[in-house]
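Architecture at a glance
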Amino acid sequence: MNSVVLIGNLTRDPELRYSTGANQTAICRFTVAVNDGYGEKQRTSFIPIVVFGKQAENCDRYLAKGRKVAVNGRIQTGSYEKDGRTVYTTDVIANSVEFLSSGQGSQGGFGGGQSREQSFGYDSAPSQSRGGEPMDVPGFQAIDDDDIPF
């Protein structure tokens, strides 16, 4: 089984690109800083994340440096040639990205420095803001608490 769950903060703003060809697919890349351990033994890992499709566009639109996210996905390794040398890569291919905070000040894209939670998984709908009102994101419906099975 190849499964990864990470919680951390974006180290820089996401980068959105589109694939070439007839069916252009959105590809969003960002790096998440994840802490491990505590005290003097704490270390930080910087994990590259890749997101595809509509979810990639949402990440580009709503995420910014400093935002806290939870990522669920899988590890993918690869390699490419650069200047005659082989460069090896390791990325997390995200199945879902949950937006956990709006980051520092008003950088989060929701404005006003208000902290809202938002999830854009393949099979998920947006959650409600902490104030109880539904998020206004085109194409998504808010989930009523009575509809949650737990």
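Conventions and cut-offs
Residues numbered from 1 in each chain as written. Predicted model: local features only at pLDDT ≥ 70, side-chain atom pairs only at ≥ 80, totals over all residues. Heavy atoms only, no water. Core = buried A, V, L, I, M, F, W, Y, C linked by side-chain atoms within 4.5 Å. Buried < 20%, exposed > 50% of the residue type's maximum accessible area, 1.4 Å probe, protein only. Helix = DSSP H or I, 4+ residues; strand = E, 2+ residues; numbered from the N terminus. Pairing = 2+ DSSP bridges. Phe/Tyr/Trp six-rings, centres within 6.5 Å; stacked < 30°, edge-to-face > 60°. Contact = heavy atoms within 4.5 Å. Salt bridge = Lys/Arg side-chain N within 4 Å of Asp/Glu carboxyl O.

To continue, consider the nonpolar core. With 20 residues, the main nonpolar core has F30, I49, V51, C59, L63, V69 and V97 as its most contacted residues. Elements with a contribution of two residues or more to this core: strand 1 (4-10), strand 3 (26-36), strand 4 (43-52), helix 1 (53-62), strand 5 (68-82) and strand 6 (85-99).

A few words now on the pairing of strand 3. Relative to strand 3, strand 1 is paired through two bridges, and the arrangement is antiparallel. Among the inter-strand pairings, L10 is bridged to a residue of strand 3, identified as V32. Turn length for the strand 3-strand 4 hairpin, with the two strands adjacent in sequence and antiparallel, is six residues, and the turn residue G37 shows positive phi of about 85 degrees.

In this section: the packing of aromatic side chains. Here the structure, examined in full by the defined rule, presents one aromatic pair. Taken together, a centroid distance of 6.4 Å and an interplanar angle of 45 degrees make the contact between Y62 and F99 tilted. Residue Y62 is found in helix 1, and its partner F99 is found in strand 6; the two are separated by 37 residues along the sequence. You'll find Y62 and F99 in the same group, each marked buried.

Leaving glycine aside, a negative phi is the common case for residues, and trans is the common case for peptide bonds. Phi is positive for D83, which is not a glycine, with a value near 55 degrees. Secondary-structure assignment places D83 in the loop between strand 5 and strand 6. Overall, D83 belongs to the exposed group, its relative accessible area being 75%.

Before going further, it helps to examine the environment of I27. With respect to the element layout, I27 can be found in strand 3. Judged by relative accessible area, I27 falls into the partly exposed class, the value being 22%. In the structure, I27 is positioned 29 residues away from A56 in sequence and 5.7 Å away in space, judged by C-alpha atoms. The residues touching I27, leaving out its near neighbours within four places in the chain, are E15, L16, R17, S19, V50, V51, F52 and A56.

What follows covers the pattern of salt bridges. Proximity of charged atoms lets side chains of opposite charge pair with each other. What the rule picks out here adds up to three salt bridges. Among the ionic pairs, R12 bridges to E15, the shortest N-O distance being 3.5 Å. For R12, a relative accessible area of 36% translates into the label partly exposed. Looking at E15, the relative accessible area reads 35%, which means it is partly exposed. Across the pair R29 and D91 runs a salt bridge, and its minimum N-O distance is 3.9 Å. Linking R29 in strand 3 with D91 in strand 6, this pair joins segments that are 62 residues apart in sequence.

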